[in-house]
Amino acid sequence: MDNSNLVLRTKLIDRLFHWSMVSCFMLVALSGLSWFFPSLNWLGYVLGPPQLARVLHPFLGIAVFGLLMCMFVRFVHHNLFVRTDLTWFKHIVDVLLNKHGQKLQIGKYNAGQKILFWGIMSLISLLFVSGLMIWRAYFAALFPIPVLRLALLAHSVAGLALILLVIGHIYMGIWVRGSIGGMISGYVSRAWARQHHDRWYEEEVAPTKPLPSKRHG
């Protein structure tokens, strides 16, 4: 197999953070939906009987928050908005139609991915704080009932909003061919990098040496 056309986009540690977070988030999201929508109460059984699910849900939520904070530290410098992001917004229609007729000066992450990043980090922070407040076993007794009601409302709305963002993230990952494979293996082709993240390719990928190819004798 010839590896000379591949470049490392996502390091192993970052992929481990990502997929561990995805696993925990799926369990938390499904159990949360089962309580928000009574018709979906069967989803809660991903964590076992209802009593066990209510015990595990907050601990898994803390795990999701912790993993996302690790990802925040590692990725935040790539997700700061820069002037060239305006070019992406000006060509948003072409982006959505998956047209790549001209260079958009996109860094490692495009403007849409940056919005998603900050949206997810904001919502998970709100979920973490409100979740601690309504955690009956430890903290709920510290707050008056009206505050708990507001915290519960904020937790529910933030949870639904985060699920919608994640669904959008999955859809775009499928829409942009090669994205999911890159998050699984860590590698993307040079052509993919040049097409979807041209500035990142020119600044960080092009100057590097290609991976040595494997030759079968």
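Chains are numbered independently. Their residues run from 1 in the order of the written sequence. In keeping with the predicted nature of the model, local features appear solely for residues at pLDDT of at least 70, side-chain atom pairs appear and are counted solely at 80 or more, and the whole-chain, interface and lining totals rest on all residues. Values shown for side chains rest on all heavy atoms present in the structure; no hydrogens or waters enter the calculation.

With that out of the way, let us pick up helix 9 (residues 198-205). Burial here depends on accessible area, computed with a 1.4 Å probe over protein chains only, as a share of the maximum for the residue type. Under 20% is buried, over 50% is exposed, and the range in between is partly exposed. A run of H or I in DSSP counts as a helix once it spans at least four residues, and a run of E counts as a strand once it spans at least two, with each numbered from the N terminus. Of all the positions in helix 9, only D198, R199, W200, Y201 and V205 are classed as buried. When checking whether two residues touch, look at their non-hydrogen atoms; a contact exists if any pair is within 4.5 Å. On the buried face of helix 9, the contacting elements are strand 1 (6-8) and helix 8 (190-196).

Here we come to the pattern of salt bridges. Only one rule defines a salt bridge in this text: a Lys or Arg side-chain nitrogen within 4 Å of an Asp or Glu carboxyl oxygen. Applying the stated criterion across every chain yields a total of three salt bridges. For D85, the salt bridge goes to K114, with nearest N and O atoms at 2.9 Å. On the criterion of sequence distance, the pair formed by D85 in helix 3 (residues 85-90) and K114 in helix 5 (residues 111-133) is long-range, its members being 29 residues apart. In terms of burial, D85 and K114 fall into one category: buried. Between E203 and R199 there is a salt bridge, and its shortest N-O distance comes to 3.7 Å. Here R199 and E203 lie together in helix 9, a separation of four residues that amounts to about one turn.

Within this structure's numbering, the places UniProt gives as "transmembrane region" (unreviewed entry) are residues 16-37, 57-76, 115-138 and 150-174. Along residues 57-76 one finds 95% helix and 0% strand; the C-alpha atoms at either end are 27 Å apart. Measuring from the first to the last C-alpha atom of residues 150-174 gives 36 Å, for a span that is 100% helix and 0% strand. UniProt positions are given in the numbering used here, feature names are shortened, and annotations may be inferred rather than shown by experiment.

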